[in-house]
Amino acid sequence: MDEPRLIQDAIKGDLDSFNRLVLEYQDMAFNLAFRMLDDPASAEDATQNAFISAYRNIHTFRGGSFRAWVMRMVTNTCYDELRRKHRRPTVPLEPASGEDEEEIESPSWLADDDPSPESQIETQELEKAIQHCIHNLPEEFRVVAVLVDIQGMDYSEVAAVIGKPLGTVKSRLARARIRLRTCLTAFRELLPVSFRLGEEMENQ
Amino acid sequence: MTEKITNSEWALLSSSLDGELTSTEKEQVETLLGTRPELQRAYQSLEGTRATLRKAALHKAPRNFTLTPQMVPQPRRGFRLVPVLRFSSAAVALIAAVLFFNPFRLLPQAIPMAAVPSENAAQVALSQQDALNANPSATPPPVIYWGGPPPQTKVNGMGGASVGALCPDGPCQYSGIGGGAADSPIPGDTLRSFAEEAPAAPEITPTATPEAATPTATPAAEATLTGGGPILGIQSDGATSMDSAAPEAFTQSLPMVSADNSLAADQSEKIPVRTWVAAGLLVLALAGLLTSFILTRGFRS
């Protein structure tokens, strides 16, 4: 993929070129949105809005890492969505009838009907624990932890995404990791053995 | 002894995991890890946390997020009119406000206050002129002379020539009251030389002074005042006989008052015109604003 040429064509208004860039980065964008918003539907909307915003503002792209620029769009869209949720919090959908309390506590209607293989159970438990801990992070720590530790971006790209100096990225990442370490320790018994953190965590 | 780990040390350890340290920082971290066991345990815990996070699933997009032309419509040409309309409306409204609350209105405001006496004076003069023309034999108003009887000679003007003096172009009609020399002929060349040696007086043009300029109802009429007495506009007894014969000889035109009157009339006409223009511009600004609002609503819908 000739990314610079696609970018130039997209700047000139070529939607097909831009869509090829979308296909390249949509997984990463959706993953970041999902980690930030902790809701697949909201993450979908945020991802779509972020790409629309990126296309409308692609003329402001001044070179550098296009991936970081797109992730910045996604991050800003997620921040907008989080602010909107803070202003107008939504009530989770529950069964209208309150007769069966047990169904509310362990809602079978929310369970995934697809049968999960035994090998995926550990991963699912780990995934839930990680998502829970990430979601409990402050927003500015959350985005740094997701971009570095889950997306695998380097510090300079993350600095471009959040628009902060490199030192801020280092500091926020360290504090995010400390909080995640503490949070994951609480899930130690739930985590699969292969994912359990060492005994040194308990001594900290 | 276990020391508390500072934030900077946590940041060093965390960056060390990702290899984002300078050579100096690397040496510093190695020294810290070799000398402080609690830092080594912290480093291992961070390493485990990072490894755990790296195991997290990378959620794939549930669908394609490619854009369609309907999602990103090209801005319509008319949409560009909206900011132009808004800007022009603001500019027109500003101009209207400046016209309406013009600071230069201080001058026209001062003129009418000072112009009332002048207007009255012009009207008095015109009424006197009309009365004189209509009935020349009417009894003139009494004139009081101070310091003795009225002079029996010709009506004395304000010039410098004495009674009976000869002017360059012939006998002077008006003898001076003050400054007049004995009745001796003055050679025309002498007067001419004085006139040539005298510095040229600055040309006085009618200007709009607060004392003179005034709006008046008869701007085009050139007011004239008559009378040769010591009081301007009132005829003396001695001058009455002469004035009755030839009143035009003592008629003094007042171009100054006339010019001021015309200027004041212009001012009185400009103020309402400016107000009307300001009101028109205000209406124009409102129309532009309304149009931009309608266009914006139309594009959004």
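Coordinates for the structure precede this section.
Values in this document were obtained by computation on a predicted structure and should not be read as measured data.

About the thresholds
- Residues numbered from 1 in each chain as written.
- Chains lettered and ligands numbered in written order.
- Predicted model: local features only at pLDDT ≥ 70, side-chain atom pairs only at ≥ 80, totals over all residues.
- Heavy atoms only, no water.
- Helix = DSSP H or I, 4+ residues; strand = E, 2+ residues; numbered from the N terminus.
- Buried < 20%, exposed > 50% of the residue type's maximum accessible area, 1.4 Å probe, protein only.
- Contact = heavy atoms within 4.5 Å.
- Areas by Shrake-Rupley, 256 points an atom, 1.4 Å probe, with all protein chains shown as cover.
- Salt bridge = Lys/Arg side-chain N within 4 Å of Asp/Glu carboxyl O.
- Core = buried A, V, L, I, M, F, W, Y, C linked by side-chain atoms within 4.5 Å.

Attention now goes to the overall build of chain B. Of regular secondary structure, chain B possesses 8 helices and 4 strands. Going residue by residue from the N terminus, the α and β elements of chain B occur as α-α-α-α-α-β-β-α-β-α-β-α. Burial statistics for chain B: of 301 residues in total, 28% are counted as buried. Pairs at least 24 residues apart make up 69% of the contacts formed inside chain B by residues separated by at least 6 positions. With the model as given, the accessible surface of chain B reaches about 19,600 Å², and the carbon-plus-sulfur share is 63%.

Okay, the pattern of salt bridges next. Tallied over the full model, the rule gives 12 salt bridges over all chains. A salt bridge links Lys170 of chain A to Glu25 of chain B, with the shortest nitrogen-to-oxygen separation between them at 3.9 Å. On the criterion of chain membership, the pair formed by Lys170 of chain A in helix H9 (residues 166–186) and Glu25 of chain B in helix H2 (residues 23–35) is interchain, its members lying in two chains. Here Lys170 of chain A falls in the buried class, since its relative accessible area comes to 16%. One salt bridge in this structure joins Arg177 of chain A and Asp18 of chain B, with 2.9 Å as the shortest N-O distance. Pair noted here: Arg177 of chain A is in helix H9 and Asp18 of chain B is in the loop between helix H1 (7–17) and H2, and the two residues belong to different chains. The exposure classification of Arg177 of chain A matches that of Asp18 of chain B, with both residues buried. One network of salt bridges, in which partners are shared, links Asp149 and Arg177 of chain A together with Asp18 and Arg50 of chain B.

Residues and elements named next belong to chain A. Membership of the largest hydrophobic core comes to 68 residues, with the highest contact counts inside it found for Phe18, Phe66 and Met71. Looking at this core, the elements with two or more residues in it are helix H1 (3–11), helix H2 (15–37), helix H3 (40–56), helix H4 (66–87), helix H6 (121–135), helix H7 (139–150), helix H8 (155–162) and H9. Here the element with the most residues in this core is H2; it accounts for 13 residues. Apart from the residues lying within four places of it in its own chain, the contact partners of Met71 are Tyr25, Met28, Ala29, Leu32, Leu147, Met153 and Val161.

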